Amino acid sequence: MSVRVESNSYLTDEQHRVYTLREALERNGGTPSGFLELLAAVIDDETWRKVPTGVNSDEPFEDFASFVEAKPPFGLGAKVEDVRVLLQIKHPHEGVRRVREQMDRMRAEANKLLGTGPEEDPVTRDARNFGGYAKTGGWLFGLMVARCVEPGSNQGEKSESSPRVSRHEVTKVSANEFGRRAGCSANRVMRFYRAWSRAVEDALVPGFEDLQPGVDIDLPDADTWSQYYTTRSSGESERGTRISAAAQAEGIRPTKALEVAENPTALRVAILSDSGTAEAARNALMDRLEEDPDLQAAMAKHISDTATLKKAVAAETKRAGQVEYVRTALEEGTVKTPAGQIIPLPDDVKADAEQRLMPSNHAGQSGPAEAAAAYEVLHQFVVQSVDKNPHVNVQERRAALHSRVRQASKAFEQLSLDEVGELYDEELIESLEQLNGFLATCIQSMKAAAQRPPLRAVREA
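If you're wondering where the values come from, they're calculated on a predicted model, not measured in any experiment.

Participant: Looking at this structure, how should I read helix 10 (residues 186-201)?
Facilitator: In an α-helix there are 3.6 residues to a turn, and that puts residues three or four apart on one side. Relative to the 22 Å expected for 16 residues at 1.5 Å per residue, helix 10 spans 22 Å between its end C-alpha atoms, a close match to the ideal helical length. Of the residues making up helix 10, those classed as buried are A186, V189, M190, R191, F192, Y193, A195, W196 and A199. As for helix 10, its buried residues are in contact with helix 8 (139-148) and helix 9 (175-182). Phi turns positive one or two residues past the end of helix 10, at A203, with a value near 60°.

Participant: How should a negative patch on the surface be read in this particular structure?
Facilitator: A grouping of D58, E59, E62, D63, E69, E81 and D82 is seen on the molecular surface, where their side chains present a negatively charged patch. Listed by contribution, the elements that provide at least two residues to the negative patch are strand 2 (57-60) and helix 5 (80-88). Relative to the elements of secondary structure, D63 occurs in the loop between strand 2 and helix 4 (64-69). Accessibility expressed as a relative area gives 31% for D63, which makes it partly exposed.

Participant: What is the right way to look at a nonpolar patch on the surface in this model?
Facilitator: A surface patch of nonpolar side chains, about 1,200 Å² in accessible area, is lined by F412, L415, L417, V420, Y424, L428, I429, L432, L435, F438, L439 and I443. It is helix 20 (residues 426-451) that provides the largest number of residues to the nonpolar patch, a total of 7 residues. Using a relative accessible area of 55% as the deciding quantity, one classes Y424 as exposed.

Participant: Explanation requested: the nonpolar core in the structure shown.
Facilitator: When a protein is soluble and globular, its nonpolar side chains tend to lie buried together. In this structure, L39, F64, F67, V68 and M106 are the most contacted members of the largest nonpolar core, which totals 28 residues. Elements with a minimum of two residues in this core: helix 1 (13-27), helix 2 (33-44), helix 4, helix 5 and helix 6 (97-114). Residue contacts for V68: discarding those within four places in its chain leaves L76, G77, A78, K79, V80, V83 and L114. Core analysis: the second largest hydrophobic core is formed by 23 residues, A175, F178, A186 and F192 among them.

Participant: How should I be thinking about the layout of surface pockets in this particular structure?
Facilitator: In this model, the largest pocket occupies a volume close to 1,000 Å³. Along the walls of the largest pocket sit 19 residues, with I243, A257, V260, A284 and R288 positioned nearest its centre. Elements that contribute at least two residues to the lining of the largest pocket include exactly helix 11 (238-250), helix 12 (254-261), helix 13 (264-273) and helix 14 (275-289). Looking at the lining of the largest pocket residue by residue, the class counts come to 14 nonpolar, 1 polar and 4 charged. In this structure, the second largest pocket spans a volume of roughly 620 Å³. Taken together, 17 residues form the lining of the second largest pocket, with L401, V405, L439, C442 and M446 sitting closest to its centre. Counting only elements with at least two residues in the lining of the second largest pocket, the list comes to helix 19 (390-413) and helix 20. Counting residues per element, the lining of the second largest pocket draws most heavily on helix 19, which supplies 10 residues. Partitioned by chemical class, the residues of the lining of the second largest pocket number 11 nonpolar, 3 polar and 3 charged.

Participant: Quick question: what am I supposed to make of the side chain of E396 here?
Facilitator: Inspection of the secondary structure assignment puts E396 in helix 19. In this structure, E396 is buried with no salt-bridge partner, the nearest side chain bearing the opposite charge being R397 at 9.5 Å. Engagement of the side chain of E396 in a polar contact is seen with the side chain of Q341, the distance being 2.7 Å. Apart from the residues within four sequence positions on either side, E396 is in contact with T337, P338, A339, Q341 and V386.

Participant: Any chance you could explain the pattern of salt bridges here in plain terms?
Facilitator: Two side chains carrying opposite charge are able to pair once their charged atoms lie near each other. Within this structure, the stated rule accounts for 11 salt bridges. K301 is the salt-bridge partner of D305, the closest N and O atoms lying 2.8 Å from each other. Among the residues examined, K301 registers a relative accessible area of 55% and is labelled exposed. Bridged by salt links that share partners, the residues E177, R180 and R181 form one connected network.

About the thresholds
Residues numbered from 1 in each chain as written. Predicted model: local features only at pLDDT ≥ 70, side-chain atom pairs only at ≥ 80, totals over all residues. Heavy atoms only, no water. Helix = DSSP H or I, 4+ residues; strand = E, 2+ residues; numbered from the N terminus. Expected span 1.5 Å × (residues − 1). Buried < 20%, exposed > 50% of the residue type's maximum accessible area, 1.4 Å probe, protein only. Contact = heavy atoms within 4.5 Å. Patch = residues over 30% accessible without salt bridge, like charges linked within 9 Å, V, L, I, M, F, W, Y side chains within 5 Å. Areas by Shrake-Rupley, 256 points an atom, 1.4 Å probe, with all protein chains shown as cover. Salt bridge = Lys/Arg side-chain N within 4 Å of Asp/Glu carboxyl O. Lys, Arg positive; Asp, Glu negative; His and termini not counted. Charge placed at Lys NZ, Arg CZ, Asp CG, Glu CD. Core = buried A, V, L, I, M, F, W, Y, C linked by side-chain atoms within 4.5 Å. 1 Å grid on protein atoms, 1.4 Å probe; cavity = no way out; pocket = protein on both sides within 12 Å on 5 of 7 lines; lining within 4 Å. Points joined across faces, edges and corners; volume = space filled by probe spheres on them. Nonpolar A, V, L, I, M, F, W, Y, C, P; charged D, E, K, R; others polar. Polar contact = N/O pair within 3.5 Å; in protein donor to acceptor, adjacent residues only side chain to side chain.

Function-wise, these values are silent; they only describe arrangement.
What follows is the structure in structure tokens.
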């Protein structure tokens, strides 16, 4: 309860000044010019330090807050929170430099004396900001840009406050001006702006025209921000857009993919020094190979120009052929001879081939050694089967002879007989005559064998 002092004769000079300040606080709360001036004087000459804390005490106040809350005539009998509010109100004559400087000094000293308010506690403020960012991520900063920036606008340029189009509406500013006030580049501001624009296209957030400076809205989940924002200018290009889209399809942040794309040297180093990275790069190339003719041509040329790669390709082709032969034989339960004859596979041969084909050391596929071993099991079975069966043996040899005759015939058919006369050569004539002798002997032998009666007919005779 406030103590009303009917006469000022009992007050010291300091108490009288405090009394006057108290009266100004009560009477002039609406337009506190008098209060602010008196408070400036009380702080400037440290009157509050010279007033005792009570009737029977000569002890000064320990701090300014205690003075503010102490009952009159020793203190103001006010709440610290109310004084903080009054400090934020401008003096009617702050347009005058002298008054403005006086008020600035007073507010700075008063805030220093009162200390940090509960709502301005740096830990609380940081915790609140952290919580907002943890929930919304970059959307919080995207909103700040989206509601305050209008690209191309020159409103508020080089000003510390934005002009008002009405009592309740503040004009938006350009990206350059917003960046100047924020202490960052306009390019950075526009990256947030474009991210918001992409989210508008997906109907995830309101359009720019529906946002007003200082007005908060509900924001999307923090995890979705990376789908729209990129810290790199390359992300805005056609190439960057493709990379970003592919990254999103794979469920990774576009900024990571763009960072790799912008650093080919770093990518090369990682591939050369780490087998895991090399494996990922190889898999990516294989995935791209089928749809990229240029990459196919470049890869084929590189292989043909590199001896070790040609050998590796030949070895892999052989391995793949052997594996395919063995697997087909195991699935069908038969093998084919070179002449195309079908021979059933016994169970023990199948089991042996299947066992040898199994990858070693938990590998993903059978290696050259396993493929060769399994193929050899079936090959030896075919050789032995052909040797043991005279009929099959004859068919195989006949097929082999047919193949050789066809090859020789094809070679001669490709000769141009009109030009043979120009190619006369004694050594060549000798070779052809020798070949002709071989052919005549071969034909005579086959005809003679065909004219002999079968063995069974001779025995019966």
